[in-house]
Amino acid sequence: MSRARRRGNTDSRCPACGAHLLTQWVGHTAALHARVDLPPPGEPRPYPAAVTDATPQRLVWCLPRPRHGPLRLRWTSPGHPPDCPHQHLLDHQCPPAEPTTIF
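Quantities reported herein were computed from a predicted structural model and do not represent experimental measurements. (Residues numbered from 1 in each chain as written. Predicted model: local features only at pLDDT ≥ 70, side-chain atom pairs only at ≥ 80, totals over all residues. Heavy atoms only, no water.)

Trainee: Please clarify how the nonpolar core should be interpreted in this entry.
Mentor: Side chains of a nonpolar character, in soluble globular proteins, are inclined to be buried together. Formed by L22, V26, A34, V36, W61, L63, L71, L73 and L89, the largest nonpolar core amounts to 9 residues. In this structure, V36 is in contact with H20, L21, L22, W61, L73, L89, L90, D91 and H92, ignoring residues within four places of it in sequence. (Core = buried A, V, L, I, M, F, W, Y, C linked by side-chain atoms within 4.5 Å. Buried < 20%, exposed > 50% of the residue type's maximum accessible area, 1.4 Å probe, protein only. Contact = heavy atoms within 4.5 Å.)

Shown next, in the form of structure tokens:
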């Protein structure tokens, strides 16, 4: 596998909950390893809704879907356009586990 391919995005599953994830390094100088739930391409994910659910531990990422080429997450900032047409995704968070009893 080439180095360029290894550094690209990865469509995988969360080892804890099994959710479909897009994982990749975002940024060049101070890169972060982003892990986001990967929704279907046509599902709307507006920026204002994502910002209301964001926390300091759950960042918002912009996901343009190009016709050709791999998916590439982008940083968002306070200057991100509120009417951006792309999907906006939060860092993955596993759903709470169902309580179990052994009796």
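Having seen the structure, we can now continue with the description.
Trainee: In this structure, what is going on with the environment of C62? I would like to understand it.
Mentor: Among the structural elements, C62 can be located in strand 4 (residues 60–63). C62 sits in the buried class, given a relative accessible area of 0%. Separated by 26 residues in the primary sequence, C62 and H88 have C-alpha atoms spaced 4.6 Å apart. If near-sequence neighbours (up to four positions away) are discounted, C62 is found in contact with R72, L73, R74, T76, H80, C84, H86, Q87 and H88. (Helix = DSSP H or I, 4+ residues; strand = E, 2+ residues; numbered from the N terminus.)

Trainee: Help me understand the packing of aromatic side chains, please; the structure alone is not making it clear to me.
Mentor: For any two aromatic rings, the description comes down to two numbers: the centre-to-centre distance and the angle of the planes. The tally for this structure, following the rule as stated, stands at 1 aromatic pair. An angle of 45° between the planes, with centres 5.4 Å apart, marks the rings of W61 and W75 as tilted. Note that W61 is positioned in strand 4 and W75 in strand 5 (residues 74–75), a separation of 14 residues in sequence. Exposure remark for W61: the relative accessible area of 2% places this residue in the buried category. Residue class for W75 comes out partly exposed when judged on its relative accessible area of 43%. (Phe/Tyr/Trp six-rings, centres within 6.5 Å; stacked < 30°, edge-to-face > 60°.)

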